[in-house]
Amino acid sequence: RASAARGPWGAGRWGSAMALECGTNGTAGPACHPHRAAGESVQVFIGIFLVLALLATLYFVDRRWRERQQQREKATGASNEASGYGMKIVRYFSPSMSVAKYQFRGMQGPKVTVDIAFNDLGLQLHSGAHVLNGVTGEFKAGRMCAIMGPSGAGKTTFMNTLCGKATYGVRTGDILINGAAIDFRAISSVVGFVPQDDIVHESLTVREQIRFSAALRNKVGTSKDRVMRITDDVLNVMQIDHIQNSVVGGVEERGISGGQRKRVNIGLELAAQPTVLFLDEPTSGLDSTSSLSVVYSLKKMCQLGMSCVMVIHQPRYSLFTLFDDVLLLGKGGHAVYLGGSLGAKPYFERLGFEMPQGENGADFFMDVISGEVPNPRIADFNPKMLFDFWADHERNGGCHAEEESSDLEGQQTHGRNITHKEDIAMLTRNLETEWDKIDLNRDGHLDLLELKVLLITCCNLQPSDSVVGELFARMAGPGATVVTQTQFVKYLTSLTKDVAGDELAKDAPGLDVWPKKSGFAVSSMLPTFLSSSAARGSVRKGSSHASTGSNDANPDYSSDSDSESEDDEREAVMGSLQRDVPKFWEQVVIIITRNLIMWWRKMESRLIFFGVMIGGAVLLACQDWEVKTPKWDAMSFVNCQTCVALLLSIYSLNTFGKDQPIFWRERNRGLNVLSFTSTRMQLDMVDLFMMCMLFVAVYYVIRGIELGFFMYAVPFLFVAYVAAGWGYAVSAWLPAQHGAFITTLIVFISCGLLGNPMNLQTFLHSPWLEFTTSVLSITRWSIPMSFLKYVEVVKPDIKHADMQDQLTFGVYQSALTAGHWQKSAGYWWGGMYALLLQGLALRLIAYLGLVFKNRDKQV
């Protein structure tokens, strides 16, 4: 060590003794003054001011956001109230006219609906076991279909196989979408999937959850006004508009109730306006009343043309009969029944089963499938016989249950119903009779005051000015001053439809949600789908292969032609269904807004980390002050920067490790991973900056560091940047429960072992050790930046120090100036470049982990 200490005093970069003197000509320079210059104190206050200013800015942004959400809640309430007044006006003038209970003002029906056909569908696990066997049938567009069966029947397996999520096995059989062999993953932009677990953002409000889902998953270019209308539709249909500004919460922090959380879980998918929606036990954990309400809401969505397929467990019979189609599965994944819900009871009765009076039909069917109900006609009845009964039923045409179901559904009272035209004529006639009473000034139009008087007359209630203005704009359009009789009648008659057709709804841009290829007529294509599907189905069932002409002479040509035709058909179907959703930059804007909201609401936990950082700085500063450690001592830099690296790397584990399930869900539905990753990391830079500056400022003030504050803080900021990268990489690739332990070990090796000045000279003299240390160690670069910059600027008076400090100082100089890489680039800029590259490399590793890790959960 003595020889190492003598080295710096010789010739070379540090050879001049003048480098260690304070000032020149034996006089003390300003850096050696016992008190810091006034400018250095100002820098500390500037750093703290920047942190406080940043927090204040984010506070006011959050406050403004909350005010806007409250305003939107009031606007939603006024809109709903206006709709209620509109229905009361209709009943006043035409009591027999049927009006929609709720009109969609943002959501629209798909231009191309989806028929799902499956033939001999099965799933074989990688172990060779079959958990789904030969299920054949069809789910028609715009219908709500339930999948039911006892435990072990393969209900969820069937749905996962159908929608392409069964990555744990090999699918057998065929799936046809509008007659073409297409995997649902190819049209994921118009497919929704509601998981059984309520996977939501716990720190967002109900409205925010729905709004951001609508913004991310609807057609690119959808206006903000349209997104707001879609959000309002979902809130109203799912009956959660009264809690729209309540934070959802979770296990640690109580929020909304479990049933409301379930509705939010479903609403996240409805906000995307899917053409097909799959749900895995959406009523699990809910009471019968809540379950019925949820299914009613989904039934309302099916009126727009959405196909809904769900796994459901033990519904009550009133809920069971809401389903248009029911697929009953037996043990081993065999079909027992597929048809109308009202046709299930007649089907089982024809097989000889007798349902007791007052029995819940859904429970009775489950008991039959499980073998708990005897069959009076078959003494040795076995549940497996039901598989053969259904297969025979299908071979015989399968018409009886469908006919009986349609007969039951079509039952109605005798006599003719009033037609829609007659309702409109009655409304017009009654309005003409009453118009003179409504039109108070006899000018042939209604103004705002006259409309308000009409509402009071019809409803015996005093409407607010905002409600009257909303109704007025719906009738005449934005900015209008009068409502004509024609506009009045037109608005009232539009209330009979499920989708609003008033002037305000027409004014909303972006209604063309599902794109249509140019020159491509969807309506003309649908018969082709059906005929081609029937043709392929007959081939699979073994029908005759009649062919004539050139096809017989050249079978290879026939095969090629059929293949090309199927490919063209597949492309046509996919082109008609796919949606152009927001890409990278559009998603960046949406996600960073969402992240800012969540960032502020996690301030309580962030303040705890602030306290920990300040406590760590105070502890280390007091320790160094107590043992009289020289301010230039490299080991004090090692301790401080290792502390910063350890705390911030553990803090950064939460960035990608805490809410991975919601990331998997959103990735499954089109989230751009690069947008997600970059926005999270960018916002994390705010935390890293504030925490690092707090630590450095506290230590700097207590220790009385003589180097300029910002110059002193730069190496710490780079340490924080790289340490956060380690946290990202570990959380993206490794299980969350092991993250803290592994990160601590990495930081200890990277900072405390490889970057220790006492070991560094040995490491840097070996080429392969120098490479390893330079690539993996943080403090290998940051300590030379801090120590050598301090020596260069402050010029500590080592000549008058004791021998031990002189020897230690020499060891540090020799070790921290060694290495080929550092000499070529310089200790300051070379260190910054190296740490910047380390941080970027770790962030790239984290990104690749999010892309490739847990792929089975992201399909």
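Residues numbered from 1 in each chain as written. Predicted model: local features only at pLDDT ≥ 70, side-chain atom pairs only at ≥ 80, totals over all residues. Heavy atoms only, no water.

Draft legend 1. Molecular detail of the overall build of the protein chain. Broken down by element type, the protein chain carries 33 helices and 11 strands. Taking all 859 residues of the protein chain together, the buried fraction comes to 53%. Considering only intrachain contacts with a sequence separation of at least 6, the fraction spanning at least 24 residues in the protein chain is 78%. As displayed, the protein chain has an accessible area near 38500 Å², and 57% of this comes from carbon and sulfur atoms. (Helix = DSSP H or I, 4+ residues; strand = E, 2+ residues; numbered from the N terminus. Buried < 20%, exposed > 50% of the residue type's maximum accessible area, 1.4 Å probe, protein only. Contact = heavy atoms within 4.5 Å. Areas by Shrake-Rupley, 256 points an atom, 1.4 Å probe, with all protein chains shown as cover.)

Draft legend 2. Quick look at the nonpolar core. Core analysis: the largest hydrophobic core is formed by 102 residues, its most contacted members being Phe-139, Phe-158, Leu-162, Phe-278, Leu-298, Leu-328 and Phe-348. Discounting chain neighbours no more than four positions away, the residues touching Leu-162 are Ile-116, Phe-118, Leu-121, Phe-139, Ile-175, Phe-184 and Phe-278. (Core = buried A, V, L, I, M, F, W, Y, C linked by side-chain atoms within 4.5 Å.)

Draft legend 3. Up close: the packing of aromatic side chains. In total, this model carries 38 aromatic pairs according to the counting rule given. On the numbers, 5.5 Å between centres and 55 degrees between planes, the contact of Phe-320 with Phe-365 is tilted. Highlighted residues: Phe-320 in helix H8 (residues 317-320) and Phe-365 in helix H10 (residues 361-370), separated in sequence by 45 residues. Exposure remark for Phe-320: the relative accessible area of 0% places this residue in the buried category. Between the aromatic rings of Trp-632 and Tyr-812, the centroid separation amounts to 6.4 Å while the plane-to-plane angle is 70 degrees, which identifies the pairing as edge-to-face. Within this pair, whereas Trp-632 is found in the loop between helix H22 (603-626) and helix H23 (634-657), its partner Tyr-812 is found in helix H31 (residues 803-816), the two being separated by 180 residues in sequence. Here the two residues Trp-632 and Tyr-812 agree in accessibility, since each one is buried. (Phe/Tyr/Trp six-rings, centres within 6.5 Å; stacked < 30°, edge-to-face > 60°.)

Draft legend 4. Structural view of the pairing of strand S6 (residues 276-280). Where burial is concerned, most of S6 is hidden: 5 out of the 5 residues are buried. Along S6, one buried face is formed by Val-276, Phe-278 and Asp-280 and the opposite face, lined by Leu-277 and Leu-279, is buried too. In this sheet, S6 lies alongside strand S5 (residues 191-194) in parallel orientation, the contact comprising 4 bridges. The residue of S6 that forms the bridge with Val-191 is Val-276. Pairing of S6 with strand S7 (residues 307-311) involves 5 bridges; the strand directions are parallel. Residue pairing across strands places Leu-277 opposite Cys-308, the latter belonging to S7. Assessed by its sense of winding, the connection that carries the chain from S6 through helix H7 (residues 288-302) to S7 is right-handed. (Pairing = 2+ DSSP bridges. Right-handed = clockwise from strand over helix to strand, strands pointing away.)

Draft legend 5. Structural context of the environment of Pro-661. Locating Pro-661 in the fold gives a position in helix H24 (residues 660-668). Each C-alpha atom of the pair Pro-661 and Ile-199 lies 6.7 Å from the other, and the pair is 462 residues apart in sequence.

Draft legend 6. A look at the sheet that holds strand S2 (residues 130-139). If you trace the 3 strands from one edge of the open sheet to the other, you get S2-S1-S4, paired in antiparallel fashion. Only two strands of the sheet have a single neighbouring strand rather than two, namely S2 and strand S4 (169-177). Taken pair by pair, the neighbouring strands of this sheet meet at an average axis angle of 5 degrees, ignoring direction. Running over the sheet, helix H3 (residues 155-163) touches strand S1 (116-125), S2 and S4 and is turned about 115 degrees from S1. (Axes fitted to C-alpha atoms, helices over the stretch in contact; angles between N-to-C directions.)

Draft legend 7. Local environment of the side chain of Thr-157. Along the chain, Thr-157 turns up in helix H3. Judged by its relative accessible area of 16%, Thr-157 is buried.

Draft legend 8. Structural view of the pattern of salt bridges. Tallying each qualifying case throughout the model produces 26 salt bridges. With its nearest N and O atoms 3.2 Å apart, the salt bridge here joins Asp-198 to Lys-262. Residue Asp-198 is found in the loop between S5 and helix H4 (206-217), and its partner Lys-262 is found in helix H6 (residues 258-270); the two are separated by 64 residues along the sequence. Connected through shared salt-bridge partners, Arg-63, Arg-64 and Glu-67 make up one network. (Salt bridge = Lys/Arg side-chain N within 4 Å of Asp/Glu carboxyl O.)

Draft legend 9. Quick peek at the confidence of the model for the protein chain. Scored by pLDDT, the protein chain comes out at a mean of 83, with 85% of its residues at no less than 70. Counted against residues more than four places away or in other chains, residues 1-36, with its pLDDT under 50, gives 63 contacts. With pLDDT under 50 throughout, residues 509-553 is counted as low confidence; its partners more than four residues away or in other chains account for 62 contacts. (pLDDT = per-residue confidence, 0-100.)

Draft legend 10. Representation of the pairing of strand S9 (residues 334-340) within the structure. Counting buried residues in S9 gives 6 out of 7 residues, a clear majority hidden from the surface. Here strand S8 (residues 325-330) pairs with S9 via 6 bridges, running antiparallel. Bridge pairing in S9 places Leu-328 opposite Tyr-337. Taken together, S8 and the strand that follows it, S9, pair antiparallel across an intervening segment of 3 residues, in which Gly-332 is found at a positive phi of about 90 degrees.

Draft legend 11. Region of interest: helix H15 (residues 465-476). Taking 1.5 Å of rise per residue, the 12 residues of H15 would be expected to cover 16 Å, and the 16 Å separating its terminal C-alpha atoms lies within 8% of that figure. The complete set of buried residues in H15 reads Val-467, Val-468, Leu-471, Phe-472, Ala-473, Arg-474, Met-475 and Ala-476. Positive phi appears at Gly-477, one or two residues downstream of H15, with a value of about 100 degrees. (Expected span 1.5 Å × (residues − 1).)

Draft legend 12. Structural view of the packing of helix H14 (residues 448-459) against H15. Look at H14 against H15: their axes get within 10 Å of each other, and the N-to-C directions meet at 110 degrees. For the element pair H14 / H15, the angle class is roughly perpendicular. In this structure, H14 contributes Leu-448, Leu-451, Lys-452 and Leu-455 to the contact, and H15 contributes Asp-465, Val-468, Gly-469, Leu-471, Phe-472 and Met-475. (Parallel < 35°, antiparallel > 145°, perpendicular 65-115°, else oblique.)

Draft legend 13. Highlighting the sheet that holds S7. The sheet built from 6 strands is open, its strands ordered S5-S6-S7-S3-S8-S9 with mixed pairing. Taken across any chain shown, the strands that pair with only one partner, and hence form the sheet edges, are S5 and S9. In this sheet, neighbouring strand axes are inclined to one another by 15 degrees on average, regardless of whether the strands run parallel or antiparallel. Two elements, strand S3 (residues 144-148) and S8, share 4 bridges in a ladder whose sense is parallel. Opposite Cys-145, over in S8, you have Asp-325 as the bridge partner. Contacting S3, S5, S6, S7 and S8, H3 crosses the sheet at an angle of about 150 degrees to S6. Relative to S9, helix H11 (residues 385-395) is tilted by about 50 degrees, and along the sheet it contacts S8 and S9.

Draft legend 14. A look at the environment of Val-276. For Val-276, the position within the fold is in strand S6. By relative accessible area, Val-276 is classed as buried at 0%. Between the alpha carbons of Val-276 and Gly-142 there is a distance of 8.8 Å; along the sequence they are 134 residues apart. With sequence-adjacent residues up to four places away left out, Val-276 is seen in contact with Val-114, Ile-116, Phe-184, Val-190, Val-191, Gly-192 and Ser-307.

Draft legend 15. Expanded view of the packing of H23 against helix H27 (residues 739-753). The interhelical angle for the contact between H23 and H27, taken along N-to-C directions, is 155 degrees, at an axis separation of 9 Å. Between H23 and H27, the crossing angle belongs to the class labelled roughly antiparallel. As H23 packs across H27, the resulting crossing turns out to be right-handed. Along the contact surface, H23 presents Val-638, Thr-642, Ala-645, Leu-646, Ser-649, Ile-650 and Leu-653, while H27 presents Gly-739, Ala-740, Thr-743, Thr-744, Val-747, Cys-751 and Gly-752. Its residues assigned to classes, the contact of H23 with H27 shows 8 nonpolar, 6 polar and no charged. (Left-handed = near helix turned anticlockwise from the far one by under 90°. Nonpolar A, V, L, I, M, F, W, Y, C, P; charged D, E, K, R; others polar.)

Draft legend 16. Representation of unusual backbone geometry within the structure. The backbone of Asn-178 sits at a positive phi, close to 50 degrees, despite the residue not being glycine. Here Asn-178 shows up in the loop between S4 and S5. The exposure class of Asn-178 is buried, given its relative accessible area of 4%. The phi torsion at Asn-460 lies on the positive side, around 55 degrees, for a residue other than glycine. Tracing the chain through its elements places Asn-460 in the loop between H14 and H15. A relative accessible area of 66% places Asn-460 in the exposed class.

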